[in-house]
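Structural characterization, general
Next come the chains, spelled out residue by residue.
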2 protein chains.
Amino acid sequence: MTVTLADVAAHAQVSPATVSRVLNGNYPVAAATRERVLRAVDELDYVVNGPASALAAATSDLAGILVNDIADPFFGIMASAIQAEIGGSGGRAGCERLAVVCNTGGSPEQELKYLTLLQRQRAAAVVLTGGAVTDAPHAAAVAAKLRKLTDGGTRVVLCGRPPVAGTGAVTLTFDNLGGARAVTDHLVALGHRRIGCIAGPAERTTTRHRLEGHRLALAAAGIEEDARWTVHGRFDRRSGYEGALELLRRDPSLTALVAANDSVALGACAALRDSGLRIPDDVSVTGFDDLPCSIDAVPALTTVRLPLAEAGARAGRLAMGREDAPGDGTASVRGELMVRGSTEAPRE
Amino acid sequence: MTVTLADVAAHAQVSPATVSRVLNGNYPVAAATRERVLRAVDELDYVVNGPASALAAATSDLAGILVNDIADPFFGIMASAIQAEIGGSGGRAGCERLAVVCNTGGSPEQELKYLTLLQRQRAAAVVLTGGAVTDAPHAAAVAAKLRKLTDGGTRVVLCGRPPVAGTGAVTLTFDNLGGARAVTDHLVALGHRRIGCIAGPAERTTTRHRLEGHRLALAAAGIEEDARWTVHGRFDRRSGYEGALELLRRDPSLTALVAANDSVALGACAALRDSGLRIPDDVSVTGFDDLPCSIDAVPALTTVRLPLAEAGARAGRLAMGREDAPGDGTASVRGELMVRGSTEAPRE
DNA sequence: CTGTTAGCGCCTTCAC
DNA sequence: GTGAAGGCGCTAACAG
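Structure report, in brief. These numbers come from a predicted model, not from an experiment.

**Concerning the pattern of salt bridges**
All names here are of chain A.
- In the structure shown here, the tally under the stated rule is 44 salt bridges over all chains.
- With a closest N to O distance of 3.1 Å, Asp236 and Arg234 form a salt bridge.
- A single salt-bridge network, built from bridges that share partners, covers Glu85, Arg314, Arg317, Arg322 and Glu323.

Right, here's the structure in full:
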């Protein structure tokens, strides 16, 4: 039936052990023998049995990347960079890693499920991307699972989420607070005093930190926040549309809208347009992340650029052990304010 | 060290076989025994060794989804739907499949590499999404690989690409030709006669079929195509920007631009705006796919809606054997013309 | 219903 | 530099 290593050995007239050695390249083998084996592999069209070798070697060549929403380019861009770095280790045909992305859909249960599945596969590395859920029991469950993974020899990297103490996970966190602070500082500097905020899901760290940055900026400017000025939603366009409508219903005098991310901001823009309001003349709008679509908005979105691809690449290298972890295991990645056409001083 | 099935058996005072049986649920076990085993699993915090069970059972619970560009929502949406259908088979904790997406970056070599990796893992199913490369040697290599996969018991599904004869792969192809035909028919009906086309990469089936549909529409209208009216690029915004500029340089009298997809169309819109041209007053623009972003364009994009999520879900079910394949193994998925603000009759 | 017995295909000491 | 032998952890017939 299916060709095994023993078949190759017979064909090449060597022992199975020798075939194994040339395939794994971790051992000296005479050049002539190697040639013969390689030829046999080719002729028989042999493909290693992954599970068998993983079992025997107690390690697998699988690496998992967890994302909250694979249809969102925010994650796609990171995942792409991570995968390129992990899978692209141009080596011999036998040495590649299977870098693989798993979509949790933002669900804590799915996240845990995938971590278990990856643990079961004895994955060599796991990268968790994007904001975490702050719900205490779940956070504890994830922390416990991460600890077990690292204990089992799996390298764990957190990319774009806060560090989790005591897990042995290397972390690249995004400076969401600083970025959000910069955005609102910018609006305040333009003269805005009544700023609505369309925040993300209340239970996610990303939302919390961005909201906190926003509030710090308001406080620094001596602006007292009105409870009506904040709504929560998801990280999608629709939430932006509905959020903008709701905020303007609550307080039509708002002169600016700070959105949880670019998709939300685009939704908000659509709502403003549909309400007959002009951007930025009537209302300024800001996004976050600087995804490709933010530049196609009319007017282009003022936002915070997060170096997603760079961060992903670095996370990938960390996961492969090809780059040393920062001293304390955690590094912060800063965003950069991109001022574009969607913000302007409020009218008189 | 790490807990094994034997440990659980000892703890529960049953044989390893029994533990295996309750974990896999494919065999009758007394309720009391099952309880005992489950408790032991819990107390010992046991996690199945995936490679070992895959080896013994000669099947794995891994399913792969290949995409050309994970940062492109076109693939993200499909992958999300596929993964939900494959991974979400809410069963007991032991029965889930690891649905996993692999990003080929559109590279034929990567595609083959991932297929080999998946073959090595003895994947239960593989779904290939998006257009294929028409390059003959590569197409043959992929066909051969697919045949080997199906021979080895892996279920193979093609989603959004043409069928590959003799491989045993079930296919869901997109009616790119029909969709493109409808778009250009629409423009022609509006009165356009000089229509530029920003096509995708020349070597991909998606590009070919869309181009063919476009040309059929032109031919049907008795419009003789000018060779200057077509440029090729990638499926991204930038290609759209540059393509639009190039086409207008070649022939400033064009009154409409047909783009390879929505991203390309958005890029073209940006180029037109930057050139001081109004959409659709000066130039009409059309996209393809109807991604979420297409509705945020100003004006909203006339495009062809492809039911990506539905197609993905169906592909996922086919991959799981939860839905019967169409009679001849191939089904065509049609797109729907969405007429929006970006197209209009040309000015006098 | 449950225990026993063989492997699944490969890696890895150990000898030669 | 190469072969021989044991075992990785689990499943799948068999018996009972």
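And the narrative resumes.
**Description of the protein's contact with DNA strand D**
- With respect to spatial proximity, 24 residues lie near DNA strand D, and among them A:Thr18, A:Arg21, A:Thr33, B:Leu5 and B:Tyr46 are the closest.
- Sugar and phosphate atoms represent 68% of those atoms of DNA strand D found within 4 Å of the protein.
- A:Ala30 has a polar backbone atom sitting 2.8 Å from a phosphate oxygen of DNA strand D.
- Separating a phosphate oxygen of DNA strand D from a side-chain N or O atom of B:Ser20 is a distance of 2.8 Å.
- Elements represented by at least two residues in the surface near DNA strand D include exactly α2 (16-24) and α4 (50-57) of chain A together with α2 (16-24) and α4 (50-57) of chain B.
- The element that contributes the greatest number of residues to the surface near DNA strand D is α4(B), accounting for 5 residues.
- The residue inventory of the surface near DNA strand D, partitioned by class, reads 14 nonpolar, 8 polar and 2 charged.

**Here's the deal with the protein's contact with DNA strand C**
- Around DNA strand C, 24 residues are found, and the nearest of them are A:Leu5, A:Tyr46, B:Arg21, B:Ala30 and B:Thr33.
- Counting only atoms of DNA strand C within 4 Å of the protein, the sugar-phosphate share comes to 61%.
- B:Ala56 is positioned such that a nitrogen or oxygen atom in its backbone is 3.4 Å from a base oxygen of DNA strand C.
- With 5 residues, α4(A) is the largest single contributor of residues to the surface near DNA strand C.
- Looking at the surface near DNA strand C residue by residue, the class counts come to 14 nonpolar, 8 polar and 2 charged.

**Overview of the interface of chain A and chain B**
- On the side of chain B, 49 residues touch chain A, which itself brings 49 residues to the contact.
- Its largest share of buried area at the contact with chain B, chain A owes to A:Pro51, A:Arg120 and A:Asp296, together 15% of the area lost on that side.
- The interface formed by chain A and chain B holds 6 salt bridges in total.
- Applying the counting rule to chain A against chain B returns 19 residue pairs in polar contact (both at pLDDT 80 or more).

Rules and cut-offs
Residues numbered from 1 in each chain as written. Chains lettered and ligands numbered in written order. Predicted model: local features only at pLDDT ≥ 70, side-chain atom pairs only at ≥ 80, totals over all residues. Heavy atoms only, no water. Salt bridge = Lys/Arg side-chain N within 4 Å of Asp/Glu carboxyl O. Near = heavy atom within 4 Å. Polar contact = N/O pair within 3.5 Å; in protein donor to acceptor, adjacent residues only side chain to side chain. Helix = DSSP H or I, 4+ residues; strand = E, 2+ residues; numbered from the N terminus. Nonpolar A, V, L, I, M, F, W, Y, C, P; charged D, E, K, R; others polar. Contact = heavy atoms within 4.5 Å. Buried area = accessible area lost by both parts, 1.4 Å probe.

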